[in-house]
Amino acid sequence: MAQFNDEELTKAVINRMQGANDPRLREIMTALVRHLHDFAREVKLSEAEWLAAIDFLTRTGQMCDGKRQEFILLSDTLGLSMLVDALNNKREGRETPSTVLGPFYVPGAPDLPMGADIAANTEGGFKTSVSGRVLNGDGKPIESAVLDVWQTAPNGLYDVQDPQAPEMNLRGRFRTGSDGAYRFWTIKPVSYPVPTDGPVGKMLLALGRHPYRPAHLHFIVTASGFEKLTTHIFVRGDRYLDSDAVFGVKDALMMDFIDDAKSNTAAVACDFVLKRTGQPS
Ligand code: BEZ
Ligand code: FE
């Protein structure tokens, strides 16, 4: 029978995929079709709404290029990125929690000596020292851990968003010595809006949502024998901590940035505790 009512149609599409060679692909696509069809039934999706969704996804794809990833932004603002993070990065005890990567990570940041200033070519901002250690779950220092760091300028833009910014501005990689310690200078991060000039920005507006992220510094910390840690440190007290546009805040990632009036600088201390690879969660 080639004609289906709506329930039979769902079954027919699922049956048609049973020949897929990859069992994981079959599992994912079966669940996707089931949920997608149930979703359309639940909201009684009209043809005009279906077309609007196609148009939205088309514009989202057209917005993507080497420097702009509107689909990651869509995933982030719908909470999907943090759900995938929660499902895959269960950290317990002292281990530093992970959070969203975001669309502005650029591989190949310069390797810098300890104590370097990643904001050396940046105008404005409040000079801030960032330091701490990279540790294992027993509190022992990890040698040769690499911290890949990035953040926005005081105008709230990453270098890749700002044609005036020097390449690789406010980015750097630091490698720990035997004491596991790291330290560098930067400027105090500011809260900033995720890009709003594309379809995701229009979606946020239509949903009555603001686009702001609380002030943060991004880190990817890697070390041989340990799981890669993609995380942030957030500035405690930021007004957007409770309403981050991408749901990325975790209590353990909020840090005190302490201002020192005498030197007119701030300081934040933060240790990163990595999880050994292959350790059960
Ligand atoms: C970021 O923190 O860089 C970011 C994360 C998610 C969406 C947009 C920006
Ligand atoms: Fe960011």
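Throughout what follows, the structure given in this document is the object of discussion.

Conventions adopted
- Residues numbered from 1 in each chain as written.
- Chains lettered and ligands numbered in written order.
- Predicted model: local features only at pLDDT ≥ 70, side-chain atom pairs only at ≥ 80, totals over all residues.
- Heavy atoms only, no water.
- Near = heavy atom within 4 Å.
- Polar contact = N/O pair within 3.5 Å; in protein donor to acceptor, adjacent residues only side chain to side chain.
- Nonpolar A, V, L, I, M, F, W, Y, C, P; charged D, E, K, R; others polar.
- Salt bridge = Lys/Arg side-chain N within 4 Å of Asp/Glu carboxyl O.
- Helix = DSSP H or I, 4+ residues; strand = E, 2+ residues; numbered from the N terminus.
- Patch = residues over 30% accessible without salt bridge, like charges linked within 9 Å, V, L, I, M, F, W, Y side chains within 5 Å.
- Areas by Shrake-Rupley, 256 points an atom, 1.4 Å probe, with all protein chains shown as cover.
- Donors = N, O, S within 2.8 Å, 3.2 Å for Na, K, Ca; no water.
- Tetrahedral: all angles 85-135°; square planar, octahedral: opposite > 155°, others 65-115°.
- Buried < 20%, exposed > 50% of the residue type's maximum accessible area, 1.4 Å probe, protein only.
- Core = buried A, V, L, I, M, F, W, Y, C linked by side-chain atoms within 4.5 Å.
- Contact = heavy atoms within 4.5 Å.
- Pairing = 2+ DSSP bridges.

## A closer look at the site of ligand 1
Item 1. Contacts to ligand 1 come from Leu73, Asp76, Gly102, Pro103, Phe104, Tyr158, Tyr192, Val194, Arg213, His216, His218 and Val246.
Item 2. Contact between ligand 1 and tyrosine 192: an oxygen atom at 2.7 Å from a side-chain N or O atom of the residue.
Item 3. The separation between an oxygen atom of ligand 1 and a polar side-chain atom of histidine 218 is 2.9 Å.
Item 4. When grouped by side-chain class, the residues that make up the shell around ligand 1 number 7 nonpolar, 3 polar and 2 charged.

## Topic: the pattern of salt bridges
Item 1. This structure, assessed with the given rule, holds 14 salt bridges.
Item 2. Measuring nitrogen to oxygen at the nearest pair gives 3.0 Å for the salt bridge that ties arginine 68 to aspartate 197. One end of the pair, arginine 68, is in the loop between α3 (47-62) and α4 (70-77); the other, aspartate 197, is in the loop between β5 (192-193) and α6 (199-206), with 129 residues separating them in the sequence.
Item 3. The closest approach of N and O atoms between aspartate 159 and arginine 171, which form a salt bridge, is 2.7 Å.

## With respect to a nonpolar patch on the surface
Item 1. A contiguous nonpolar patch, built from Leu32, Leu36, Phe39, Val43, Leu45, Trp50, Leu51 and Ile54 and spanning about 760 Å² of accessible area, is present on the exposed surface.
Item 2. Of all the elements in the fold, those that place two or more residues in the nonpolar patch are α2 (23-43) and α3.
Item 3. With 4 residues, α2 is the largest single contributor of residues to the nonpolar patch.
Item 4. In this structure, isoleucine 54 sits in helix α3.

## Things to note about the coordination of the iron ion (ligand 2)
Item 1. Surrounding the iron ion (ligand 2) are the protein donor atoms Tyr158 (OH), Tyr192 (OH), His216 (NE2) and His218 (NE2), at 1.8 to 2.1 Å.
Item 2. Because the angles between the 6 donor atoms bound to the iron ion (ligand 2) fall within 55 to 166°, the donor set is best described as irregular.
Item 3. Each donor residue of the iron ion (ligand 2) lies on the same chain, and together they follow the pattern Y-x33-Y-x23-H-x1-H.
Item 4. Accessibility expressed as a relative area gives 3% for histidine 218, which makes it buried.

## A look at the nonpolar core
Side chains of a nonpolar character, in soluble globular proteins, are inclined to be buried together.
Item 1. Counting residues in each nonpolar core, the largest one holds 30 residues, and the members touching the most others are Leu147, Phe219, Ile233 and Phe272.
Item 2. Where this core is concerned, the elements lending two or more residues are β1 (127-135), β2 (146-150), β4 (181-187), β7 (216-222) and β8 (229-235).
Item 3. In this view, phenylalanine 272 contacts Thr96, Arg133, Val134, Leu135, Leu147, Tyr182, Phe219, Val221, Leu229, Thr231 and Ile233; residues no more than four positions away in its chain are not counted.
Item 4. With 11 residues, the next largest nonpolar core counts Met82, Val100, Val194 and Val246 among its residues.

## What about the pairing of β8?
Remember that side chains alternate between the two faces of the sheet whenever the strand is regular.
Item 1. Counting buried positions along β8 yields 7 of 7 residues, so the element is predominantly enclosed.
Item 2. Of the pairings in the sheet, the one linking β7 to β8 comprises 6 bridges and is antiparallel in character. Across the sheet, histidine 216 pairs through a bridge with phenylalanine 234, a residue of β8.
Item 3. The turn linking β7 back onto β8 is made up of 6 residues, and glycine 225 within it adopts a positive phi angle of 90°.
Item 4. Note that β8 and strand β9 (residues 254-255) share 2 bridges and pair parallel. Bridge assignment links phenylalanine 234 to a residue of β9, and that residue is methionine 254.

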